[in-house]
Amino acid sequence: MHFINFDSDGFLRNCWQKRPVVIRNPWAAWRNPLEPDELAGLACEHGVESRLVTHSPDAWELEHGPLPEDRFGSLGKKKPWTLLVQAVDHHVPAVAALIEPFRFIPNWRIDDVMVSYAVDRGGVGAHFDQYDVFLVQGLGRRRWRIGQACDAATPLLPHDDLRLLAEFEATDEWVLEPGDILYVPPRIAHDGVAVGNDCMTYSIGFRAPSRAELVGHWSEGVLAELEDDDRYADPNLAAQANPGQIDAPALARLQGMIAERLLDPAAFALWFGQFTSAPKNPEIDWRPEHPADAEDLQKFVAQGAVLARNPASRFVFIRQGACAVLLFVDGETIECEGETAAFAEQLCAKARLALDPAVAGCQATLDLLLELLNRGTAALEA
């Protein structure tokens, strides 16, 4: 699926992280990529993150999956309910394809696609997120209300699991039909309620690491590489008038010890590539049952096969000069040079890449392909 009559440059200039906007069915031909029963089936599986939200006028309840198969039949019609399943794009290729039109935003910012199903009047309450989100209406209709800007001081309702706003002031309201999209910037209050049954919404969310998260994880990475004998030294020490003083030169040397390691641009780039490409569900083993064979791989490549990235894998790269890149796949670093570097860049740009038969003549690129296939981060389509 792809967009028509959508100005991505204008959107980034006028709306991205600035204001909510409704984009009325920009798809060339909208088709709901997942049936409600399929979503319910995913919610019953181990290893799939799911939640069931039910509510009455005075109470909200949350259940975490995996849900028993008979749970949906027991819900009844008294309380509106909503099912939410995280990272559905990792399991359903047709849902993963929804991300492709949004590639005008860098890959490292894309998180996953959460899918929700709601009965009439179902929703998850007025809330705000710390990230950008595109809410694609897949099936049925949903009424969205947009409210105030929020922050850490915004009052919340007392609830152990749900972060619901204690006060919500609606400023705009829209009803979305299948194919319509609502974009909501970070920290903007919003509330979506199903209008009628069989309401499905696809939430394409974007990662936004906090300063605390970056400092914490980066510092941990630096600490792991420091040697215990890398210590403060002052071989040119001179006597000072008051031994109780910590003088300016000492402070400068101490701070310099920290800054030298924390402010190393090359080390930070390497760490961040690994950090931001780390898999969302590292406990899942995607390796194929039968490892790829180098000889068969060469035959497939020579025939112009298509290489498809695993939707659960994250591919990003950082250029290292004119002819080399660092390719990061699921938190691992692969150094690529020359033709292989160019190939790695193409691979990061497209979820599916038609292989040029000439690739068969580059052993380094074949080695890279074989590694990706046997990690389960990519697969060949004949």
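So, here is what we can say about the structure in this document. (Residues numbered from 1 in each chain as written. Predicted model: local features only at pLDDT ≥ 70, side-chain atom pairs only at ≥ 80, totals over all residues. Heavy atoms only, no water.)

In this section: the overall build of the protein chain. If you tally the helices and strands in the protein chain, you get nine helices and 15 strands. C-alpha atoms of the protein chain, sized along the principal axes, occupy 80 × 70 × 45 Å. The buried share of the protein chain, taken over its 382 residues, is 42%. For the protein chain, the share of sequence-separated contacts (at least 6 apart) that also reach a separation of at least 24 residues comes to 79%. Accessible surface, the protein chain as shown: approximately 20,700 Å² in total, 52% of it carbon and sulfur. The centroid of the 33 positive side-chain charges in the protein chain is displaced by 7 Å from the centroid of its 57 negative side-chain charges. (Helix = DSSP H or I, 4+ residues; strand = E, 2+ residues; numbered from the N terminus. Buried < 20%, exposed > 50% of the residue type's maximum accessible area, 1.4 Å probe, protein only. Contact = heavy atoms within 4.5 Å. Areas by Shrake-Rupley, 256 points an atom, 1.4 Å probe, with all protein chains shown as cover. Lys, Arg positive; Asp, Glu negative; His and termini not counted. Charge placed at Lys NZ, Arg CZ, Asp CG, Glu CD.)

Turning our eyes to something else, we now look at a nonpolar patch on the surface. On the surface, Tyr232, Ile246, Leu251, Leu254, Met257, Ile258, Leu262 and Leu263 cluster together into a nonpolar patch covering about 730 Å² of accessible area. Here Leu263 is to be found in the loop between helix 5 (248-262) and helix 6 (265-277). (Patch = residues over 30% accessible without salt bridge, like charges linked within 9 Å, V, L, I, M, F, W, Y side chains within 5 Å. Salt bridge = Lys/Arg side-chain N within 4 Å of Asp/Glu carboxyl O.)

Right, let's get into unusual backbone geometry. Residues Gly65 and Pro66 are joined by a peptide bond in cis, for which omega reads 5°. Here Pro66 shows up in the loop between strand 3 (59-64) and strand 4 (81-85). In this structure, Gln17 is a non-glycine residue whose phi angle is positive, near 55°. Relative accessible area serves as the criterion here: at 44%, Gln17 is assigned to the partly exposed category. One non-glycine residue with positive phi stands out, namely Arg187, at about 65°. As for its position among the elements, Arg187 is in the loop between strand 8 (181-184) and strand 9 (188-206).

With antiparallel pairing, three strands are arranged side by side in an open sheet as 11-12-13. At either end of the open sheet lies a strand with only one pairing partner, and these are strand 11 (315-319) and strand 13 (332-337). Going from strand to strand, the sheet's axes swing by 25° on average, the running direction of each strand aside. Where strand 12 (residues 324-329) and strand 13 come together, six bridges link them in antiparallel fashion. Within the sheet, the bridge partner assigned to Ala324 lies in strand 13 and is Glu337. The sheet contacts of helix 6 involve strand 11, strand 12 and strand 13, and relative to strand 12 the element is tilted by about 35°. (Pairing = 2+ DSSP bridges. Axes fitted to C-alpha atoms, helices over the stretch in contact; angles between N-to-C directions.)

Looking at where Asn236 falls in the secondary structure, it is placed in the loop between helix 4 (211-225) and helix 5. Each C-alpha atom, one on Asn236 and one on Thr365, is 53 Å from the other, the two residues being 129 residues apart in sequence.

What follows covers the packing of helix 7 (residues 294-302) against helix 9 (residues 363-375). It is at 10 Å that the axes of helix 7 and helix 9 come closest, and there the two elements cross at 110°. Relative to helix 9, the element helix 7 is oriented roughly perpendicular. Along its contact with helix 7, which presents Ala294, Leu297, Gln298 and Val301, the element helix 9 presents Leu366, Leu369, Leu370 and Leu373. Among the residues making up the contact of helix 7 with helix 9, the classes are represented as seven nonpolar, one polar and no charged. (Parallel < 35°, antiparallel > 145°, perpendicular 65-115°, else oblique. Nonpolar A, V, L, I, M, F, W, Y, C, P; charged D, E, K, R; others polar.)

Turning our attention to the sheet that holds strand 15 (residues 378-381). Across the sheet, which stays open at both edges, the three strands sit in the order 14-10-15 with antiparallel pairing between neighbours. Bordering the open sheet on either side are strand 14 (352-354) and strand 15, each of which pairs with just one other strand. Within the sheet, the average angular offset between the axes of one strand and its neighbour, ignoring direction, is 25°. The pairing of strand 10 (residues 306-309) with strand 15 spans four bridges and is antiparallel.

A separate point is the pairing of strand 4. Of all five residues in strand 4, five are buried; the element is thus mostly enclosed. Strand direction decides the pairing type here: strand 2 (residues 50-56) and strand 4, joined by five bridges, are antiparallel. The residue of strand 4 that forms the bridge with Val53 is Thr82. When strand 4 meets strand 5 (residues 110-118), the two strands line up antiparallel, connected through four bridges. Paired with Leu83 across the strands is Tyr117, a residue of strand 5.

This paragraph deals with the pattern of salt bridges. A complete count under the given rule lists 16 salt bridges for this structure. Arg71 is paired through a salt bridge with Glu63; the nearest N and O atoms lie 2.6 Å apart. For Arg71, a relative accessible area of 19% puts it in the buried group. According to the relative accessible area criterion, Glu63 is partly exposed, its value standing at 25%. Residue Glu345 is joined to Arg319 by a salt bridge in which the shortest nitrogen-to-oxygen separation is 3.0 Å. Taken together, the positions of Glu345 in helix 8 (residues 338-349) and Arg319 in strand 11 put the pair 26 residues apart, joining distant regions of the chain.

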